[in-house]
Amino acid sequence: MKRSTVRLADGRELIYFDERDDAVRDAPDLRELPPPPPASELRYDPLTDEWVAIAAHRQTRTFLPPTDQCPLCPSRPGRSSEIPAHDYDVVVFENRFPSLSDRIGTSADPSSAGDQNGITPFTPTRPGLGRCEVVCFTDRHDTSFAALPPERVRTVVDALADRTAELSTLDGVEQVFCFENRGVEIGVTLHHPHGQIYAYPFVTPRTRALLAAARRHADATDGRNLYADVLAAERASGERVVAANELWTAYVPAAARWPYEVHLAPHRQVPDLAALDDAERDAFGPLYLDVLGRFDRLFDTPQGTGYIAAWHQAPVRVDRELGYLHLQVFTVRRAADKLKYLAGSESAMGVFINDIRPEQAAAHLRR
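Residues numbered from 1 in each chain as written. Predicted model: local features only at pLDDT ≥ 70, side-chain atom pairs only at ≥ 80, totals over all residues. Heavy atoms only, no water.

Draft legend 1. Expanded view of the sheet that holds strand β10 (residues 241-244). If you trace the eleven strands from one edge of the open sheet to the other, you get β1-β2-β5-β7-β9-β8-β13-β14-β12-β11-β10, paired in antiparallel fashion. The sheet is open, and its two edges are formed by β1 (2-7) and β10, each paired on a single side. Going from strand to strand, the sheet's axes swing by 20° on average, the running direction of each strand aside. As judged from the four bridges shared by strand β8 (residues 175-182) and strand β13 (residues 307-312), these two strands associate in the antiparallel manner. (Pairing = 2+ DSSP bridges. Helix = DSSP H or I, 4+ residues; strand = E, 2+ residues; numbered from the N terminus. Axes fitted to C-alpha atoms, helices over the stretch in contact; angles between N-to-C directions.)

Draft legend 2. Highlighting the packing of helix α4 (residues 278-298) against helix α6 (residues 358-366). Relative to each other, α4 and α6 sit at 100°, their axes nearing to 9 Å. With respect to α6, the element α4 is oriented roughly perpendicular. Residue-level inspection shows R294, F295 and L298 of α4 in contact with α6, the latter providing H364, L365 and R366. Looking at side-chain class alone, the contact of α4 with α6 contains three nonpolar, one polar and two charged residues. (Parallel < 35°, antiparallel > 145°, perpendicular 65-115°, else oblique. Contact = heavy atoms within 4.5 Å. Nonpolar A, V, L, I, M, F, W, Y, C, P; charged D, E, K, R; others polar.)

Draft legend 3. Layout of a nonpolar patch on the surface. Among the surface-exposed residues, F63, L64 and V184 lie close enough to one another that they form a single nonpolar patch of about 290 Å² accessible area. Assignment of secondary structure puts L64 in the loop between β4 (50-54) and β5 (90-94). (Patch = residues over 30% accessible without salt bridge, like charges linked within 9 Å, V, L, I, M, F, W, Y side chains within 5 Å. Areas by Shrake-Rupley, 256 points an atom, 1.4 Å probe, with all protein chains shown as cover. Salt bridge = Lys/Arg side-chain N within 4 Å of Asp/Glu carboxyl O.)

Draft legend 4. Fine view of the side chain of S168. Assignment of secondary structure puts S168 in the loop between α1 (150-167) and β8. Take S168: its relative accessible area is 17%, and that puts it in the buried class. Within the local environment of S168, its side chain forms a polar contact with the backbone oxygen of T164, the two atoms lying 2.6 Å apart. Every residue in contact with S168, bar those within four places of it in the chain, is listed here: V176, V316 and R317. (Buried < 20%, exposed > 50% of the residue type's maximum accessible area, 1.4 Å probe, protein only. Polar contact = N/O pair within 3.5 Å; in protein donor to acceptor, adjacent residues only side chain to side chain.)

Draft legend 5. Main features of the packing of α1 against α4. Relative orientation of the contacting elements α1 and α4 amounts to 125°, with a least axis distance of 9 Å. Viewed along their axes, α1 and α4 adopt a mutual orientation that is oblique. Here α1 runs over α4; the crossing is right-handed. In contact with P150, V153, R154, V157, D158 and A161 of α1, α4 contributes D278, R281, D282, F284, G285, P286 and L289. A breakdown of the residues in the contact of α1 with α4 according to their chemical character gives seven nonpolar, one polar and five charged. (Left-handed = near helix turned anticlockwise from the far one by under 90°.)

Draft legend 6. Representation of the state of the cysteines within the structure. Evaluation of the coordinates by the stated rule reveals zero disulfides. Here C70 is not cross-linked by a disulfide; its sulfur's nearest cysteine counterpart is in C73, at 3.8 Å. Classification of C70 by relative accessible area gives buried; the value is 2%. (Disulfide = S-S within 2.5 Å.)

Structural data, given as structure tokens:
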């Protein structure tokens with residue numbers, strides 16, 4: 001794989017990951033662009049011990065443009081896109097409308113959340129430092145991740161591992177999150193097959209909960225890893241296993257929150273994508289494509305099944321020994337004509353109510 005870095009017209013970084021060593025990536029970005037927006041504002045919620053990003057500039061981001069105006073397709077004569085080259089394999093670039101950024105601008109009005117009348121604020125704020133990147137899986141607009149060849153999946157995994165390792169070295173970054181949103185039911189704003197990477201300046205609430213449970217289990221079992229024990233139990237039972245190979249297993253969690261949810265986990269405990277070896281990276285692609293194909297065959301929908309694919313990685317600086325890399329894939333669709341909405345219990349209380357038994361979901365996916 002050849003890695004080439006260029007700068008876009010507004011100074012943002014773009015990286016080509018090419019499968020050919022002779023690829024030349026020197027096409028300039030001919031657009032006239034305004035400077036990238038400053039970092040968002042992070043506000044601390046003392047009631048939940050969580051940070052919330054306020055990124056008002058994202059309200060103007062591109063929303064479902066027609067195919068001939070897609071910003072993720074290669075540039076062509078008379079029309080420049082986010083990718084200057086006329087073709088590409090895999091591309092990663094800084095998001096033009098980032099939720100997190102290292103560009104600090106004018107801070108928000110302190111009266112909105114800060115000290116008022118000499119009273120200590122309950123909602124401290126700070127710049128939303130970090131980084132948000134877009135990952136284009138292919139230069140083809142009319143396809144999906146499930147249609148990629150295994151060799152391209154390997155390139156994507158290598159690119160995500162590269163970015164995970166590099167972003168983990170940035171000052172202030174505490175967690176790197178790689179993910180894909182697919183389908184209008186998920187809320188995508190661009191149809192071109194792509195994913196995203198968020199480099200957070202804090203450990204996310206979901207990861208903190210996973211680590212707390214893992215720590216309790218390690219303390220009670222003389223250091224055993226919780227996810228490793230859960231994975232071993234699922235493999236031994238087989239009731240919820242959807243597919244597997246010699247290095248990875250795909251299974252439906254026993255307490256799945258979503259109608260159809262699958263975890264893909266390596267059999268070896270590793271903290272993040274960068275720690276996967278060559279054999280594990282090669283073995284992942286065929287199994288993941290198999291699982292995505294099963295998702296697409298669940299429902300008779302023209303555009304396939306919408307899903308979220310979320311890589312759970314260990315934090316950058318703390319509790320790495322407790323983490324266990326795995327990919328969570330789930331859909332909000334519970335039937336061909338029905339969606340799983342996060343209504344009162346899920347949205348207000350965080351208590352999920354699943355309409356489909358995980359064992360039934362696993363059986364459907366196996367078929």
